[in-house]
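The lines below spell out each chain.
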Amino acid sequence: MTRSRRFAIPLALLLTAGVISLAAGCNNEQSNSGSGDGNEIVIGHYGSMTGPTATFGQSTDEGIRLALDEINGAGGVLGKQIRVITEDDQSKPTEAVNAVNKLISRDNVVAVIGEVASSNSLAAAPVAQGAGIPMLSPASTNPKVTEVGDYIFRSCFIDPFQGGVMAKFATDELKAKRLAILYDVNSDYSMGLRQFFTEEIKRAGGEIVADEAYAQQDQDFRSQLTKIKNANPDAIYVPGSYTQGGAIA
């Protein structure tokens, strides 16, 4: 599946949630359908357009725009055109909260797309939940994201599945029995994968011989990798993002 198609699907799903929210608003005699002129439905997107994980937000936004052209070109939804307002959260959880607050209070969006990073989704989800605005994450795999409330959704698999699949690959395909983990202590995504990978490795009879952490802003990983090397693992599992993964490799 191409990148654009991966992100077009979440948008289509979120539009459905937005329309449901809009219909509920109409039943409550609320005439506001976002900050549009009545002929459009306004949806918010918050993402990492800048900062260390900018490619996440930029790629998502590109996919949204492609899907938006297709949907609006086909007549929109319920005879209305869709408009998406994107807010940059700068790859920071605190800014994710600010972005969603702006989209809801200032732009009056009927639904929100975001985020990719689990930490940012976890920070902003309570805002959407409290306002009764549906929020759909296209890629946050930490299970806690949708546990925030019944207005919070995701369109991807979760960490128990992803961590389990990687553990199965390590043991069945790589024949690795002694595993090391190098994880990002500042990332809910990385922490979740570390937990479920460890559980599955032990369940399969494997052993975690080294478990080392790094901070998200770190650029030098020689100390952790030296400790891992001394533990003599069969393989290293690095459940982090590309920004540190390249340097670690």
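How each quantity is defined
- Residues numbered from 1 in each chain as written.
- Predicted model: local features only at pLDDT ≥ 70, side-chain atom pairs only at ≥ 80, totals over all residues.
- Heavy atoms only, no water.
- Pairing = 2+ DSSP bridges.
- Helix = DSSP H or I, 4+ residues; strand = E, 2+ residues; numbered from the N terminus.
- Axes fitted to C-alpha atoms, helices over the stretch in contact; angles between N-to-C directions.
- Contact = heavy atoms within 4.5 Å.
- Patch = residues over 30% accessible without salt bridge, like charges linked within 9 Å, V, L, I, M, F, W, Y side chains within 5 Å.
- Areas by Shrake-Rupley, 256 points an atom, 1.4 Å probe, with all protein chains shown as cover.
- Salt bridge = Lys/Arg side-chain N within 4 Å of Asp/Glu carboxyl O.
- Buried < 20%, exposed > 50% of the residue type's maximum accessible area, 1.4 Å probe, protein only.
- Parallel < 35°, antiparallel > 145°, perpendicular 65-115°, else oblique.
- Left-handed = near helix turned anticlockwise from the far one by under 90°.
- Nonpolar A, V, L, I, M, F, W, Y, C, P; charged D, E, K, R; others polar.
- Expected span 1.5 Å × (residues − 1).
- Core = buried A, V, L, I, M, F, W, Y, C linked by side-chain atoms within 4.5 Å.
- Lys, Arg positive; Asp, Glu negative; His and termini not counted.
- Polar contact = N/O pair within 3.5 Å; in protein donor to acceptor, adjacent residues only side chain to side chain.
- Phe/Tyr/Trp six-rings, centres within 6.5 Å; stacked < 30°, edge-to-face > 60°.
- Lys NZ or Arg CZ within 6 Å of the ring centre and 35° of its normal.

Colleague: Help me out: how do you make sense of the sheet that holds strand β6 (residues 178–184) in this one?
Modeller: Strand pairing in a sheet relies on backbone hydrogen bonds, with the paired strands running either antiparallel or parallel. Pairing is parallel across the open sheet formed by 3 strands, whose spatial order is β7-β6-β8. A strand with exactly one partner marks an edge of an open sheet, and here the two such strands are β7 (207–214) and β8 (235–237). Strand after strand, the sheet turns through a mean of 25° between neighbouring axes, direction not considered. Bridge count for β6 against β7 is 7 bridges, and the pairing is parallel. Across the sheet, the residue bridging to leucine 179 is isoleucine 208, located in β7. The sheet contacts of helix α6 (residues 188–203) involve β6, β7 and β8, and relative to β6 the element is tilted by about 165°.

Colleague: Looking at this structure, how should I read the sheet that holds strand β3 (residues 112–113)?
Modeller: Judged by pairing direction, the sheet is parallel, and its 5 strands sit side by side in the order β2-β1-β3-β4-β5 without closing on themselves. Sheet topology places β2 (81–88) and β5 (152–154) at the edges, where each strand pairs with a single neighbour. Bridge count between strand β1 (residues 40–47) and β3: 2 bridges; the pairing is parallel. Of the residues in β3, the one forming a bridge with glycine 44 is valine 112. The sheet strands contacting helix α2 (residues 54–73) are β1, β2 and β3, and the helix crosses β2 at an angle near 170°. The strands touched by helix α4 (residues 118–131) within the sheet are β1, β4 (135–137) and β5, with β4 carrying the most contacts at an inclination of about 165°.

Colleague: Honestly, a nonpolar patch on the surface in this entry has me stumped. Any pointers?
Modeller: Together, Phe157, Ile158, Phe161 and Val165 give the surface a local cluster of nonpolar side chains, amounting to about 360 Å² of exposed area. One can find phenylalanine 161 in helix α5 (residues 159–173). Since its relative accessible area comes to 51%, phenylalanine 161 is described here as exposed.

Colleague: What's the story with the packing of α5 against α6 in this structure? I'm lost.
Modeller: To describe two helices that pack against each other, one gives the angle between their axes and the distance between the axes. Following both chains from N to C, one finds α5 and α6 inclined at 50°, their axes separated by 8 Å at the closest point. Classified by the angle their axes make, α5 and α6 are oblique. Remark: the crossing between α5 and α6 carries right-handed chirality. Contact residues: Asp159, Pro160, Gln162, Gly163, Gly164, Met166, Ala167, Ala170 and Thr171 in α5; Asp188, Tyr189, Gly192, Leu193, Phe196, Phe197, Glu200 and Ile201 in α6. Taken together, the residues of the contact of α5 with α6 sort by class into 9 nonpolar, 5 polar and 3 charged.

Colleague: Mind showing me how you'd approach α6 here?
Modeller: Since the α-helix packs 3.6 residues into each turn, any two residues three or four apart lie on the same face. The first and last C-alpha atoms of α6 sit 23 Å apart over 16 residues, in line with the 22 Å expected at 1.5 Å per residue. Here α6 has its buried residues at Ser190, Gly192, Leu193, Phe196, Phe197, Thr198 and Ile201. Where α6 terminates, the next one or two residues include glycine 205, which has phi positive at roughly 90°.

Colleague: Would you take a moment to explain the pattern of salt bridges for this structure?
Modeller: A side chain with one charge may pair with a side chain of the opposite charge, provided their charged atoms come close. In the structure shown here, the tally under the stated rule is 9 salt bridges. Among the salt bridges present, the one from aspartate 61 reaches arginine 65, with a minimum N-O distance of 3.5 Å. Taken together, the residues span about one helical turn, with aspartate 61 and arginine 65 both in helix α2 at a distance of 4 residues. Relative accessible area serves as the criterion here: at 13%, aspartate 61 is assigned to the buried category.

Colleague: What is the right way to look at the nonpolar core in this model?
Modeller: Core analysis: the largest hydrophobic core is formed by 19 residues, its most contacted members being Tyr46, Val100, Ile104, Val109, Val112, Met135 and Ile152. Among residues more than four places away in sequence, those in contact with valine 100 are Tyr46, Ala124, Val127 and Ala128.

Colleague: Even after reading the chapter, I still don't get α2, so can you show me in this structure?
Modeller: Its 20 residues place the ends of α2 29 Å apart at the C-alpha level, agreeing with the 28 Å of an ideal helix rising 1.5 Å per residue. All of the buried residues in α2 are Ala54, Gly57, Ser59, Thr60, Asp61, Gly63, Ile64, Ala67, Leu68, Ile71 and Asn72. Looking one or two places after α2, you find glycine 75, whose phi comes out positive at around 110°.

Colleague: Looking at this structure, I do not really get the side chain of aspartate 184. What am I missing?
Modeller: Along the chain, aspartate 184 turns up in strand β6. Although aspartate 184 is buried, it forms no salt bridge, and the closest oppositely charged side chain is arginine 194 at an N-O distance of 11 Å. One polar contact links aspartate 184 to glutamine 216, side chain to side chain, over a distance of 3.0 Å.

Colleague: I keep staring at the packing of aromatic side chains and nothing clicks. Help me out?
Modeller: Each aromatic ring pair is described using two quantities: the centre-to-centre distance and the angle formed by the ring planes. Applying the stated criterion across every chain yields a total of 4 aromatic pairs. Aromatic pair tyrosine 214 and phenylalanine 221: ring centres 5.2 Å apart, planes at 85°, arrangement edge-to-face. Each member of the pair tyrosine 214 and phenylalanine 221 is classed as buried. Cation over ring: arginine 194 sits above tyrosine 183, and NZ or CZ is 4.1 Å from the ring centre.

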